[in-house]
Amino acid sequence: MSRREIREKIFKLLFRTEFYEEGDLAEQSQLFFEELGQEENQDTAYIRDKFEQIVSHIEEIDDMVNQVAQGWKTSRMGKVDLTLIRLAVYEIKFEEEIPTGVAINEAVELAKGYGTDDSPSFVNGILAKLA
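Quick caveat: nothing in here was measured; it's all calculated off a predicted structure.

Caption draft 1: Layout of the overall build of the chain. Scanning the chain from terminus to terminus reveals seven helices and zero strands. Beginning at the N terminus, the succession of helices and strands in the chain can be written as α-α-α-α-α-α-α. A globule of 131 residues ought to have a C-alpha radius of gyration of about 14 Å, and the chain, at 14 Å, matches this closely. Taken over the C-alpha atoms alone, the chain extends approximately 40 × 30 × 30 Å along its principal axes.

Here it is as structure tokens:
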């Protein structure tokens, strides 16, 4: 899998956190990988690990976003936009090997495919303030 495909899979798995309780996330993770039909390998292990790391930092990430998002607290953001922002903020703040520009660009590209017409500029604006 390419890095872009891996990031997209992480986004899709992370999106489920908006609809399930924390106690259900392990089961949702298992169902996600079953739906992919892939056996456990290096890529799926990376996706699972990164998902768990992001989930463990969601409160901290949301606090960072809420500090810079004028008039748009995380509780008011669209679920797709919020999920993409969380993924990118995690990459920017907690993963040194991923350049900030790459994290922002990838989030914007995913926003073009999964969000509304306004999502790419909204996601880019929030992430630019955090970078």
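Caption draft 2: Spotlight on the side chain of Asp81. Tracing the sequence through the fold places Asp81 in helix α5 (residues 79-94). The buried charged residue Asp81 lacks any salt bridge partner; its closest oppositely charged side chain belongs to Arg76, at an N-O distance of 11 Å. Polar side-chain contacts of Asp81 include one of 2.6 Å to the side chain of Ser119. In this structure Asp81 touches Ser119, Phe122 and Val123, once residues within four positions along its chain are discounted.

Caption draft 3: Geometry of the environment of Gln28. With respect to the element layout, Gln28 can be found in helix α2 (residues 25-36). Note: C-alpha distance between Gln28 and Gln70 (42 residues apart in sequence) is 33 Å. Once you skip the residues sitting within four places of it in the chain, Gln28 turns out to touch Leu13, Arg16 and Tyr20. A distance of 3.0 Å separates a polar atom in the side chain of Gln28 from a polar atom in the side chain of Arg16.

Caption draft 4: Region of the structure containing the nonpolar core. Formed by 38 residues in total, the largest nonpolar core has its most connected members in Val65, Met77, Ile85, Val89, Ile126 and Leu127. Looking at this core, the elements that each hand over two or more residues are α1 (3-15), α2, α3 (42-56), α4 (58-68), α5, α6 (100-114) and α7 (119-130). Considering every element that reaches this core, the biggest residue donor is α5, with nine residues. Apart from the residues within four sequence positions on either side, Ile85 is in contact with Val65, Met77, Phe122, Val123, Ile126 and Leu127.

Rules and cut-offs
Residues numbered from 1 in each chain as written. Predicted model: local features only at pLDDT ≥ 70, side-chain atom pairs only at ≥ 80, totals over all residues. Heavy atoms only, no water. Helix = DSSP H or I, 4+ residues; strand = E, 2+ residues; numbered from the N terminus. Rg over C-alpha atoms; globule rule 2.2 N^0.38 Å. Buried < 20%, exposed > 50% of the residue type's maximum accessible area, 1.4 Å probe, protein only. Lys, Arg positive; Asp, Glu negative; His and termini not counted. Salt bridge = Lys/Arg side-chain N within 4 Å of Asp/Glu carboxyl O. Polar contact = N/O pair within 3.5 Å; in protein donor to acceptor, adjacent residues only side chain to side chain. Contact = heavy atoms within 4.5 Å. Core = buried A, V, L, I, M, F, W, Y, C linked by side-chain atoms within 4.5 Å.

Spatial relationships are all this shows, so hold off on functional conclusions.
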